[in-house]
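Residues per chain are reported as follows:
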Amino acid sequence: MSSKPVVLIAEELSPATVDALGPDFEIRHCNGADRAELLPAIADVDAILIRSATKVDAEAIAAANKLKVVARAGVGLDNVDVSAATKAGVMVVNAPTSNIVTAAELACGLILATARNIPQANAALKNSEWKRSKYTGVELAEKTLGVVGLGRIGALVAQRMSAFGMKVVAYDPYVQPARAAQMGVKVVSLDELLEVSDFITVHLPKTPETLGLIGDEALRRVKPSVRIVNAARGGIVDEEALYSALKEGRVAGAGLDVYAKEPCTDSPLFEFDQVVATPHLGASTDEAQEKAGIAVAKSVRLALAGELVPDAVNVQGGVIAEDVKPGLPLAERLGRIFTALAGEVAVRLDVEVYGEITQHDVKVLELSALKGVFEDVVAETVSYVNAPLFAQERGVEVRLTTSSESPEHRNVVTVRGTLGNGEEVSVSGTLAGPKHVQKIVAVGDYDVDLALADHMVVLRYEDRPGVVGTVGRILGEAGINIAGMQVARAAVGGEALAVLTVDDTVAAGVLAEVAAEIGATAARSVNLV
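In the nomenclature of an unreviewed UniProt entry, the protein is known as D-3-phosphoglycerate dehydrogenase of Streptomyces brasiliensis. The Pathway (unreviewed entry) comment attached to the protein in UniProt states, word for word, "Amino-acid biosynthesis; L-serine biosynthesis; L-serine from 3-phospho-D-glycerate: step 1/3." In the Sequence similarities (unreviewed entry) part of its UniProt record, the protein is described as follows: "Belongs to the D-isomer specific 2-hydroxyacid dehydrogenase family."

Shown next as structure tokens:
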């Protein structure tokens, strides 16, 4: 029997991956897409390297008695049950920067292809048809490109298309206008972007808030000459709405690399000659695959040596005190709640930790909160190491404050941010009881006591009779069940705050109706799934 750690390679990876692992490991291979082969093969390995075809779910993790690391040679983690891995103490790593350039270049290619009808003309000519007049296109020079999501990939697209002489505008509430201006990009509202753009390219994460963002209402605001590109995530552009817009001549063309359901081989959108479609090729270059394989191989080496792992998505990779570990998911969820409440990126962000826990090194709680803050902001996978980089890129000053004093709770974590207009937003939480129940204990100056849930609503309004009943009626009519609710106020007749936990996502239209009916000064939906 070999005394070397065992690494299972479950899919075809670049030869450079094995080279990067080096001679210190026993390398095994299996077909990870075949469950009957995968489950026994994973039983006694220390690490598994996968791409997209292998599902490392709760069943696979339970079958792996020695597993320490799941390494995804790519960005997406849809085929890895990160929660189950975390509970089992298994580190999950990916290669978050491996396909940034590749994805940006594909988006640029789709912009060019839709502008000049390149694939359609190619297909016609290879079918012995010379159709110069049919495939007349448009120039990119002096046209306006609207970038929806100015993260790393969106910024690269903006940079590259600027070189074509395009004017670039962007919608991204989490990017400071000054930061965008340094790239030569003007930040505008989504409505303005839709109205002025000749080309629109999407680079957002897929969340309940971004799902269907470019839908029927949005597509009724665009120029009829607009061409829309989605090489980010399927579903952000509503495919049914896009079909109608193309059929009615309200959109001139589209370039699609991603779809709501994949693999997608039979979409009504494919009937349009002016739609350029590719089968999710965003990360499909030799260079990206090699970068991904080398990156995760290095992470596996670090992890199995017990060292800090920069690309770990669920644990820091260093030594974390046992008393601190239960607070990691709490801090991350508080970060996500903060982002939902703020609706924009903060100028300054303070992570405050109070109580007994501060006798340990709690720096990882700051990283966990930052991870949550950017989880629904950027399209890339956020880790404990790259989260501070996202903050730095957006000009966010981050500070960690600790104190052993915590008069009301054993331990409390607060995420507090100052927005661009000087407004302060904060949310505090704690862990209760031996089961470490996650609870929200304050929103701003209002004390609450409510267990966190996957779906929540936070409302601010003038305190008066009948508000709670109105909220319940509207949500009930929308089929939304209220699981829990707490109302806090500073004084009778003053401003009140209500926090609700609900069973499903509250649609934007329903939330707007609630806000209008009760005269809310703020209404936010929080989704933590």
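Moving on, we come to the overall build of the protein. The secondary structure content of the protein amounts to 17 helices and 22 strands. Relative to the 2.2 N^0.38 estimate, which gives 24 Å for 529 residues, the radius of gyration of the protein is 25 Å and therefore close to what a compact globule would have. Dimensions of the protein, computed from the C-alpha atoms along their principal axes, are close to 80 × 70 × 45 Å. With the model as given, the accessible surface of the protein reaches about 23,600 Å², and the carbon-plus-sulfur share is 50%. Positive and negative side-chain charges in the protein, numbering 49 and 69 respectively, have mean positions lying 4 Å apart.

Here we come to empty space enclosed by the protein. Remark: the empty space left among the atoms is shown by a probe the size of a water molecule rolled over them. For the structure on display, the rule yields one cavity of 30 Å³ or more. The calculated volume of the largest cavity comes to roughly 40 Å³. What lines the largest cavity is Tyr174, Phe338, Thr339, Glu344, Val345, Ala346, Val373, Phe374 and Val377. Elements that contribute at least two residues to the lining of the largest cavity include exactly helix H13 (327-342) and helix H14 (363-375). Tallied by class, the residues present in the lining of the largest cavity amount to seven nonpolar, one polar and one charged.

As summarised here, the arrangement of the four strands in space is S20-S21-S19-S22, forming an open sheet in which the pairing is antiparallel. In this open sheet, the two strands that pair with only one neighbour each are strand S20 (482-489) and strand S22 (522-527). Taking the axes of each pair of neighbouring strands and ignoring which way they run, one obtains an average angle of 15° across the sheet. Inspection of the sheet shows strand S19 (residues 455-462) paired to S22 by six bridges, in the antiparallel sense. By the bridge assignment for S22, Val457 is matched with Ser525. Sitting on the sheet, helix H17 (residues 508-518) touches S19 and S22, and the angle it makes with S19 is about 20°.

Here we come to the layout of surface pockets. The calculated volume of the second largest pocket comes to roughly 1,200 Å³. In this structure, the second largest pocket is lined by 39 residues; those nearest its centre are Tyr171, Glu209, Thr210, Leu213 and Ala508. Looking at the lining of the second largest pocket, the elements that each hand over two or more residues are helix H9 (190-196), helix H10 (216-219), H13, H17 and S22. Tallying contributions element by element places S22 first for the lining of the second largest pocket, with five residues. Residues that form the lining of the second largest pocket fall into these classes: 21 nonpolar, nine polar and nine charged.

Turning our attention to the nonpolar core. With 51 residues, the main nonpolar core has Ile337, Phe338, Leu349, Leu365, Phe374, Val415 and Val427 as its most contacted residues. Of the residues forming this core, the biggest block, eight residues, is contributed by H13.

Residues Ala241, Leu242, Ala245 and Leu246 constitute the buried set of helix H11 (residues 239-247). Within H11, the buried residues cover an arc of 135° as seen down the axis, which keeps them to one side. The exposed residues of H11 that point more than 90 degrees off its buried face are Glu240 and Lys247. Contact partners of the buried residues in H11: H10, strand S10 (227-230), strand S11 (253-256) and strand S12 (275-277). Residue Asp238 occupies the N-cap position of H11, its side-chain oxygen lying 3.0 Å from the main-chain nitrogen of Glu240. Looking one or two residues past H11, Gly249 carries a phi angle of roughly 75°, positive in sign.

Attention shifts here to the pairing of strand S9 (residues 199-202). The alternating pattern of S9 places Phe199 and Thr201 on one face and Ile200 and Val202 on the opposite face, and all of these are buried. Pairing between strand S6 (residues 144-148) and S9: four bridges, direction parallel. Counterpart to Gly146 in the pairing with S9 is Ile200. Bridge analysis of S9 against S10 gives four bridges, and the strand direction is parallel.

Here we come to the packing of H13 against H14. Remark: H13 packs on H14, axes separated minimally by 6 Å, with the N-to-C direction vectors making an angle of 40°. As summarised for this structure, H13 and H14 are arranged oblique, according to the angle between their axes. Crossing of H13 over H14 shows right-handed handedness. Contacts from Gly327, Leu328, Ala331, Glu332, Gly335, Arg336, Phe338 and Thr339 of H13 reach H14 at Val364, Leu365, Ser368, Ala369, Lys371, Gly372, Val373 and Glu375. A per-class count over the contact of H13 with H14 returns seven nonpolar, five polar and four charged.

The rules behind the values
Residues numbered from 1 in each chain as written. Predicted model: local features only at pLDDT ≥ 70, side-chain atom pairs only at ≥ 80, totals over all residues. Heavy atoms only, no water. UniProt positions renumbered as here; feature names shortened; annotations may be inferred. Helix = DSSP H or I, 4+ residues; strand = E, 2+ residues; numbered from the N terminus. Rg over C-alpha atoms; globule rule 2.2 N^0.38 Å. Areas by Shrake-Rupley, 256 points an atom, 1.4 Å probe, with all protein chains shown as cover. Lys, Arg positive; Asp, Glu negative; His and termini not counted. Charge placed at Lys NZ, Arg CZ, Asp CG, Glu CD. 1 Å grid on protein atoms, 1.4 Å probe; cavity = no way out; pocket = protein on both sides within 12 Å on 5 of 7 lines; lining within 4 Å. Points joined across faces, edges and corners; volume = space filled by probe spheres on them. Nonpolar A, V, L, I, M, F, W, Y, C, P; charged D, E, K, R; others polar. Pairing = 2+ DSSP bridges. Axes fitted to C-alpha atoms, helices over the stretch in contact; angles between N-to-C directions. Contact = heavy atoms within 4.5 Å. Core = buried A, V, L, I, M, F, W, Y, C linked by side-chain atoms within 4.5 Å. Buried < 20%, exposed > 50% of the residue type's maximum accessible area, 1.4 Å probe, protein only. Arc of directions from axis to C-beta. Polar contact = N/O pair within 3.5 Å; in protein donor to acceptor, adjacent residues only side chain to side chain. Parallel < 35°, antiparallel > 145°, perpendicular 65-115°, else oblique. Left-handed = near helix turned anticlockwise from the far one by under 90°.

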